[in-house]
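Okay, here's what each chain looks like letter by letter:
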Amino acid sequence: MFELFAVGLEMQKRMIDVQMQGVETARDMIDTAQRNVEAGMAATQANEAGLKAMKSWMNLWGMRG
């Protein structure tokens, strides 16, 4: 009887371990997605700054944008 109980506990422990690995994987995916969003926002800001600089340069030289 005790052996059956021990086997049941071991199976439960393994299931919890598998679920925790899934949680860790999901957390890693969320972290990666967040970093991708931040990188995309930084690239957008850099593009906007470059566009502003180009417009300023064009205005300086009397060109129309």
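Use the structure listed above.
Residues numbered from 1 in each chain as written. Predicted model: local features only at pLDDT ≥ 70, side-chain atom pairs only at ≥ 80, totals over all residues. Heavy atoms only, no water.

### Considering the overall build of the protein chain
Step number 1: Looking only at helices and strands, one finds 1 helix and 0 strands in the protein chain.
Step number 2: Taking 11 Å as the expected radius of gyration for a compact globule of 65 residues, we find that the protein chain reaches 28 Å, considerably beyond that expectation.
Step number 3: Along the longest, intermediate and shortest principal axes, the C-alpha atoms of the protein chain span 90 × 10 × 5 Å.
Step number 4: Within the protein chain, the fraction of its 65 residues that count as buried is 2%.
Step number 5: In the structure as shown, the protein chain presents an accessible area of about 6,300 Å², 65% of it carried by carbon and sulfur atoms.
Step number 6: A distance of 17 Å separates the average location of the 7 positive side-chain charges in the protein chain from that of its 8 negative side-chain charges. (Helix = DSSP H or I, 4+ residues; strand = E, 2+ residues; numbered from the N terminus. Rg over C-alpha atoms; globule rule 2.2 N^0.38 Å. Buried < 20%, exposed > 50% of the residue type's maximum accessible area, 1.4 Å probe, protein only. Areas by Shrake-Rupley, 256 points an atom, 1.4 Å probe, with all protein chains shown as cover. Lys, Arg positive; Asp, Glu negative; His and termini not counted. Charge placed at Lys NZ, Arg CZ, Asp CG, Glu CD.)

### A word on the packing of aromatic side chains
Step number 1: A full pass over the atoms with the stated rule returns 1 aromatic pair.
Step number 2: Measuring from ring centre to ring centre gives 6.3 Å for Trp57 and Trp61, while their planes differ by 50°; the resulting arrangement is tilted. (Phe/Tyr/Trp six-rings, centres within 6.5 Å; stacked < 30°, edge-to-face > 60°.)

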